[in-house]
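Working through the structure, step by step
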Amino acid sequence: MTVAVQWLRIAYHDMSTHDVDDGTGGLDASIMYELDRPQNVGEGMIQLLQDFNGFGLITPFFGMADIIVLGAVFAVVGCGGPVFPYSAGRIDATVAGPATVPEPQQDLATHIESFRQQGFNETEMIALVACGHMLGRVRQVDFPLIVTDTLIDVDTFDTTPAFDNTIISQYLQNITQDILVVGSNVTTQSDLRIFSSDGNATMQSLLSADTFNNTCAALFQRMINTVPSMVNLTDPIAEPFQYVINDPLFSYHNGTFNMITALRVVSPSPNATVTMLWADQQEDSFCPSTRCFGLTASRYLFNATINSTSSISKFWFKINNNDGSDPTVIDNDGAGFVIEQDPSLSLFVNVMRSEVILLENSGTFTEFQKIVVAVLGDAASATTSMTGFQPFSTATAPPFIPTTTSISLKLDETNPPEGGFTFFTANVSSAVSFLDITANVGSTSFTINNFDFGIAVNSFPFIEISS
Ligand code: HEM
């Protein structure tokens, strides 16, 4: 709970750099560069960004700003509030934004102007502050001029640590403990100035639980989607996807092509049989699944043998509940799931030739990943290059910025050429989560972007070597 509400506060502070007049700023993780400002005081801010860095969730297409918003969404749900539709696609800033986070000692006119710049009118300002302060507290150590009693660690805004309108009812009944209303320091009574700025009309309207819930939900939703005008957010996600398909992984060995993938289904029928079908140039083929169970979802795994000459153009799934009902076809609205990486399979990560190696040397174990990349072409005409994306920053304090390093591949002597393919290899650190791989064969270039290495290693054979 304590940590969760900090996730909500940091989202507001990061958003506060938005300027409606020129469309700049907003939720862009610029907060990582703004923590030396008094308006962002609090060890908690640094710690939670350290946590976000440690989660290793960042990908080439999902940055710190999207994680800050995810934190805010979880914070609200964790405190009993609604689930917000979640959009991703925010772009992380590389420098600090303007110093525009409101502070308790500022006057009402300054606050009204700050919120206007962030895109909220006066009524919305009152509601957004009340909604934000229904949760959380003020820390004595960070705000000694507000929480003047040194025997108190934290001063909560109201008596319930939950998503509810107690802050409103207690304020209107004059029994509030919100220190930004009743604190002995009049200068920092910012909640009082804001809440009473329209004669308490907005606060009165928020006494209705429904109005309060709907208003807070709508304002938080707008807050998390306040982004610089050049950012396009993805379509919102509110519910878990019914079906999730793993990126297909490929392997070529002894003249046989294999494709490994999985379909995750939320709450499938226990009797369901799931089949994967695919199309090559000639005909449709199919492959039955093996199955592993999650708590409320099942993952159906497929390892299909594919004709190496006709290859595979697209695949789809059929779920038969075996109860007389029509099978469900999961085929991307008829389009099928096309092989996104080079469809001619002239370049792919060869999963079954790659290895996770555990090296034992006098009782010391080292684990590393050997990746094998197949290129259609001979060694004389093919060159390869690769970059690895490391989400985890080793910095001890923000900003936490992922790194991209170049990893050189060499001809793989343990995998001699076969079926027209030449195999290249490299050892890749487990800190790497995504790879971009390029092969040039003569004058033709093939590229795989954002190969999910972190997921693919789970399908690499595991080898133990003692030296
Ligand atoms: C004039 C505007 C605002 C002022 C002056 C203000 C001031 C403060 C202060 C001084 C604290 C104590 C922080 C600490 O001790 O760590 C706080 C906490 C908090 N504020 Fe605001 N705030 C404002 C607006 C908002 C808004 C619009 C939100 C909306 C999300 C919000 C959400 C929070 C939350 C969730 C906390 C609790 C943090 C925790 O317990 O860790 N605030 N605010």
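As annotated in an unreviewed UniProt entry, the chain carries the name Peroxidase and comes from Gymnopus androsaceus JB14. In its Sequence similarities (unreviewed entry) section, UniProt records this for the chain: "Belongs to the peroxidase family."

1. So, the overall build of the chain
Tallying secondary structure elements over the chain gives 11 helices and 22 strands in all. Taken over 467 residues, the chain has a buried fraction of 37%.

2. What about the sheet that holds strand S17 (residues 403-407)?
In spatial order, the strands read S17-S16-S20-S21; together these four strands make up an open sheet with antiparallel pairing. Strand pairing shows two members of the sheet lacking a second neighbour, S17 and strand S21 (444-452), which therefore form its edges. Taken pair by pair, the neighbouring strands of this sheet meet at an average axis angle of 15 degrees, ignoring direction. Relative to S17, strand S16 (residues 382-390) runs antiparallel, the two being bridged by five bridges. When the sheet's bridge partners are listed, Met-386 is paired in S17 with Ile-407.

3. Some words on the confidence of the model for the chain
With 96% of its residues at a pLDDT of 70 or more, the chain has an overall mean of 92. Interface confidence in the predicted complex, given as ipTM, is 0.99; pTM for the same model is 0.90.

4. Things to note about the nonpolar core
In terms of nonpolar packing, the biggest core is built from 60 residues, with Leu-8, Ala-11, Met-64, Ile-68, Ala-72, Ala-130 and Ile-224 touching the most fellow members. Looking at this core, the elements that each hand over two or more residues are helix H1 (2-15), helix H2 (43-54), helix H3 (64-78), helix H5 (122-132), helix H6 (166-172), helix H7 (179-182), helix H8 (190-195) and helix H10 (209-224). Counting residues per element, this core draws most heavily on H3, at nine residues. Grouped together as the second largest cluster of nonpolar side chains are 48 residues, Tyr-252, Val-349, Met-386 and Val-432 included.

5. Remarks on the pairing of strand S20 (residues 434-441)
Looking at chain direction, S16 and S20 are connected through eight bridges and run antiparallel. Residue Ser-385 lies in a different strand from S20, and its bridge partner there is Thr-438. The loop that links S20 with its antiparallel partner S21 comprises two residues; one of these, Gly-442, has a positive phi angle of about 60 degrees.

6. Observations regarding unusual backbone geometry
Between Pro-398 and Pro-399 the backbone carries a cis peptide bond, its omega angle lying at 5 degrees. Among the secondary structure elements, Pro-399 is positioned in the loop between S16 and S17. Not every positive phi belongs to a glycine, and Asp-333 is a case in point at roughly 55 degrees. Within the secondary structure, Asp-333 sits in the loop between strand S11 (328-330) and strand S12 (337-338). Its identity is not glycine, yet Asn-450 carries a phi of approximately 55 degrees, on the positive side. The topology assignment puts Asn-450 in strand S21.

7. Overview of H10
With 16 residues, H10 ought to run about 22 Å at 1.5 Å a step, and its terminal C-alpha atoms sit 22 Å apart, in line with that. Phe-212, Thr-215, Cys-216, Phe-220, Met-223 and Ile-224 are the residues of H10 that are buried. Down the axis, H10 shows its buried residues gathered within 150 degrees of arc, on one side only. For H10, the exposed residues set more than 90 degrees away from the buried face come down to Asp-210 and Asn-214.

8. Some points on H2
With 12 residues, H2 ought to run about 16 Å at 1.5 Å a step, and its terminal C-alpha atoms sit 17 Å apart, in line with that. Along H2, the residues that are buried comprise Met-45, Leu-49, Phe-52 and Asn-53. Along the long axis of H2, the arc covered by the buried residues comes to 100 degrees, so they all point the same way. In H2, those exposed residues whose orientation departs by more than 90 degrees from the buried face are Glu-43, Gln-47 and Gly-54. Among the residues trailing H2, Gly-56 stands out with phi positive, at a value near 65 degrees.

9. Some details on the site of the ligand
The environment of the ligand is formed by 24 residues, the closest being Tyr-12, Pro-102, Gly-132, Gly-136 and Arg-139. Partitioning the shell around the ligand into residue classes produces 11 nonpolar, eight polar and five charged.

10. Things to note about the packing of H5 against H10
The geometry of H5 relative to H10 is characterised by a closest axis approach of 10 Å and an angle of 95 degrees between their N-to-C directions. By the angle between their directions, the pair H5 and H10 is classed as roughly perpendicular. Residues Glu-124, Ala-127, Leu-128 and Cys-131 of H5 pack against Thr-215, Cys-216, Leu-219, Phe-220 and Met-223 of H10. The class makeup of the residues in the contact of H5 with H10 is seven nonpolar, one polar and one charged.

11. What to know about the environment of Pro-461
Among the structural elements, Pro-461 can be located in the loop between helix H11 (453-456) and strand S22 (462-466). As a C-alpha pair, Pro-461 and Asn-185 span 276 residues in sequence and 65 Å in three-dimensional space.

12. Here we look at the environment of Lys-314
Its location among the elements puts Lys-314 in strand S10 (residues 314-320). A C-alpha to C-alpha distance of 7.5 Å links Lys-314 and Asp-280, two positions 34 residues apart in sequence.

13. A word on the environment of Val-20
With respect to the helices and strands, the residue Val-20 is situated in the loop between H1 and H2. Not counting residues up to four positions away in its chain, the partners in contact with Val-20 are Gln-117 and Gly-119.

Reading the values: rules and limits
Residues numbered from 1 in each chain as written. Predicted model: local features only at pLDDT ≥ 70, side-chain atom pairs only at ≥ 80, totals over all residues. UniProt positions renumbered as here; feature names shortened; annotations may be inferred. Helix = DSSP H or I, 4+ residues; strand = E, 2+ residues; numbered from the N terminus. Buried ≥ 20, exposed ≤ 12 C-beta atoms within 10 Å, placed from the backbone. Pairing = 2+ DSSP bridges. Axes fitted to C-alpha atoms, helices over the stretch in contact; angles between N-to-C directions. pLDDT = per-residue confidence, 0-100. Core = buried A, V, L, I, M, F, W, Y, C linked by C-beta atoms within 7 Å. Expected span 1.5 Å × (residues − 1). Arc of directions from axis to C-beta. Near = placed C-beta within 6 Å. Nonpolar A, V, L, I, M, F, W, Y, C, P; charged D, E, K, R; others polar. Parallel < 35°, antiparallel > 145°, perpendicular 65-115°, else oblique. Contact = placed C-beta atoms within 7 Å.

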